[in-house]
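# Summary of structural features
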Amino acid sequence: MNFSTTTRRHFLKSLGAAAALPIIVPSSVLGRNGATPPSDRITMGFIGMGSMGINNLRGFIEHPDVQVLAVCDVNASGDNYAGRGLKGREPARQLVVDTYAARSDQASYNGCDGYAFFWQVLERSDIDAVCLALPDHWHAYIAVAAAAAGKDMYSEKPLARTIKEGRAMVKAVRKYDRVFQTGSQQRSEARFRHACELARNGYVGEIQKVYARVGGVSKPFPEDIQEPVPEGFLYELWLGNAPSAPYHSTRVSGGYNTEEGAWRAWRPYSAGHVADWGAHNFDIAHWGLGMDGSGPKRLIHASEAEEDELTLIYEGDIPVIKKEGPQDGMIQFIGTEGWVGVSRGNIWASDERLLSLEMKPSDARLYHSESHHRDFLNCVKTRQRPVCDVEIGHSSLVACLTSEICMRLGRSLTYHPGKEKFLDDQEANALLTRPMREPWTL
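An account of the accompanying structure is given in this report.

Quick notes on the rules
Residues numbered from 1 in each chain as written. Predicted model: local features only at pLDDT ≥ 70, side-chain atom pairs only at ≥ 80, totals over all residues. Heavy atoms only, no water. Buried < 20%, exposed > 50% of the residue type's maximum accessible area, 1.4 Å probe, protein only. Helix = DSSP H or I, 4+ residues; strand = E, 2+ residues; numbered from the N terminus. Pairing = 2+ DSSP bridges. Axes fitted to C-alpha atoms, helices over the stretch in contact; angles between N-to-C directions. Contact = heavy atoms within 4.5 Å. Expected span 1.5 Å × (residues − 1). Core = buried A, V, L, I, M, F, W, Y, C linked by side-chain atoms within 4.5 Å. Phe/Tyr/Trp six-rings, centres within 6.5 Å; stacked < 30°, edge-to-face > 60°. Lys NZ or Arg CZ within 6 Å of the ring centre and 35° of its normal.

### Comments concerning the pairing of strand S5 (residues 152-155)
On any regular strand, side chains alternate: one points to one face of the sheet, the next to the other face. Every second residue of S5 is oriented toward a common face, with Asp 152 and Tyr 154 on one face and Met 153 and Ser 155 on the other, all of them buried. Summarising the sheet, strand S4 (residues 129-132) and S5 pair through four bridges and their orientation is parallel. If you follow Ala 129 over to S5, its bridge partner there is Asp 152. The pairing of S5 with strand S6 (residues 180-182) spans three bridges and is parallel.

### What to know about the sheet that holds strand S1 (residues 42-47)
Strand order in the open sheet made by the six strands is S3-S2-S1-S4-S5-S6, with parallel pairing throughout. With partners counted over all chains shown, the strands left at the sheet margins are strand S3 (113-115) and S6, one partner each. Strand after strand, the sheet turns through a mean of 20° between neighbouring axes, direction not considered. Where S1 lies against strand S2 (residues 66-72), six bridges are found, and the strand directions are parallel. Within S2, the position partnered with Met 44 by the bridge is Val 68. Each of S1, S2, S4 and S5 touches helix H2 (residues 51-61); the most contacted strand, S1, lies at about 170° to it. Of the strands in this sheet, S1, S4, S5 and S6 are in contact with helix H5 (residues 136-148), which crosses S5 at around 160°.

### Points about the sheet that holds strand S12 (residues 338-343)
The strand order across the open sheet formed by nine strands is S13-S12-S11-S7-S10-S9-S8-S14-S15, and the pairing between neighbours is mixed. Every interior strand has two partners, whereas the edge strands, strand S13 (346-349) and strand S15 (421-422), have only one. When strand S8 (residues 298-300) meets strand S14 (residues 413-416), the two strands line up antiparallel, connected through two bridges. Looking at the pairing, Arg 298 lines up with Thr 414 of S14. Strands in contact with helix H7 (residues 190-200) are strand S7 (207-212), strand S11 (331-335), S12 and S13; relative to S12, the strand with the most contacts, it is inclined by about 160°.

### Some points on helix H3 (residues 89-104)
Between the first and last C-alpha of H3 there are 22 Å, a value that for 16 residues agrees with the 22 Å anticipated at 1.5 Å per step. Turning to H3, its buried residues number three or more, namely Arg 89, Ala 92, Arg 93, Leu 95, Val 96, Val 97, Thr 99, Tyr 100, Ala 101 and Ser 104. Lining the buried residues of H3 we find H2, S2 and S3. Among the residues trailing H3, Asp 105 stands out with phi positive, at a value near 60°.

### Regarding unusual backbone geometry
With omega at -15°, the peptide bond leading from Lys 157 into Pro 158 counts as cis. Here Pro 158 is to be found in the loop between S5 and helix H6 (163-175). Glu 438 connects to Pro 439 through a cis peptide bond whose omega is 0°. Inspection of the secondary structure assignment puts Pro 439 in the segment after helix H14 (426-429). Positive phi is not limited to glycine here, since Asp 177 has a value of about 55°. As for its position among the elements, Asp 177 is in the loop between H6 and S6. Its identity as a non-glycine residue notwithstanding, Asp 424 has a phi of 55°, on the positive side. Considering the arrangement of structural elements, one finds Asp 424 in the loop between S15 and H14. You can call Asp 424 exposed: its relative accessible area is 84%.

### Quick look at the nonpolar core
One finds Phe 118 and Trp 238 to be the most contacted residues of the largest nonpolar core, which totals 104 residues. Grouped together as the second largest cluster of nonpolar side chains are 27 residues, Ile 54, Cys 112, Cys 131 and Leu 377 included.

### Regarding the packing of aromatic side chains
Pairs of aromatic rings are described using the distance from one ring centre to the other and the angle between the two planes. Enumeration according to the criterion identifies 22 aromatic pairs in this entry. Between the aromatic rings of Tyr 100 and Tyr 109, the centroid separation amounts to 5.1 Å while the plane-to-plane angle is 65°, which identifies the pairing as edge-to-face. On the accessibility criterion, Tyr 109 (2% relative accessible area) is buried. Judged by centre distance (6.4 Å) and plane angle (40°), the ring pair of Phe 233 and Tyr 235 falls under tilted. In terms of burial, Phe 233 and Tyr 235 fall into one category: buried. Put simply, the rings of Tyr 81, Phe 233, Tyr 235, Trp 238, Tyr 247 and Tyr 269 touch in pairs and so form one group of aromatic residues. Taking NZ or CZ as reference, Arg 251 lies 3.7 Å from the ring centre of Phe 221, over its face. In this structure, Arg 264 is placed above the aromatic ring of Trp 263, and the distance from its NZ or CZ to the ring centre is 4.6 Å.

### Quick look at H7
Along H7, eight of the 11 residues are buried, which leaves the element largely enclosed by surrounding structure. Of the residues making up H7, those classed as buried are Phe 192, Arg 193, His 194, Ala 195, Cys 196, Glu 197, Leu 198 and Ala 199. Packed against the buried residues of H7 are S7, helix H11 (278-289), S11, S12 and S13. Immediately beyond the C-terminal end of H7, within one or two residues, lies Gly 202, with a positive phi of roughly 75°.

The structure is reproduced here in structure tokens:
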């Protein structure tokens, strides 16, 4: 892969280069007037400015040791991403301009460039790290390119669209010694950490089963629906390695109501909500069980499972059941002496005293992160691995995508986590990867 030659030649010739603005940085951003000095700043570029891209931008720009130099999106500006206001590179650039102008008490600020082409961000030697908030089918290609370009990465979950692509990301991050934070932010919330520490340290007894509320699989895009491509939207570049297809606003929408239509619902771009939510809730199940870096050895289809939903079996034969369990919480650890459940904003237990329990010095303690963005920034400076490192993101991806394959095939499967393939099952193994359209191949 050579994004600096093949892809530039392919797209700059047909679409033209995006305009870039001169960098004029106010003194407060440069560290004068008591602000963070340049030596302590992390310069960032943002690629993908839909809903999560804008959310991450708002989160990172609030940190005084971050300077945002660039935003990038194939959409100049529009409401076709999620129907919740304007998104795209120009609204994102304006957010940066307004934030820094207000912070420096100046009438204007011209220090953030807007790009249509991601490689223009990666080629900038003055950018330390990038935030990637893209449809799943773009995650691996741009992450591998960013690693080769020497950029640290905060990337939205799930890690990738296929297990092969996820492994390519792990290899690239390790090869180029990059810091990579997977955007599974529940690992940076105190309630989830406390629930997992209760489970890991036997406070509810020996774990018998885990419930994880996770959604269903992707579906084919409806045939024969088409809309004109909006002005300023580079739709062919949005498709990238996915199959050629006509434009429709529901195809490119980043909305979460997949019944109404969104890219996370459609099979060419996503594995559906089993990946979208599995990257959160299977991830916490792994954390509480100590299964990071592993994967299920068996996947029992709902038609054969003891309960009415798919079940993942890990080493130790502890089942992780893909449904909301009988107690409270999106994730529930059921033990021989009690249970603990946790969701965003709340935690429950069979004994309320467990909720305020202080761990003993001898207990196993989990990585302490109070903020997913802040943890990433700290690790960029220290070069340590963050709370949801790329390999951890890959572990949850394996759980998500093996589950998807099991549900799509409608039968139970045996999986080898070390070899990352199904045993004696060519049909299932064929779904572990998918073709990538030229020139966007790994």
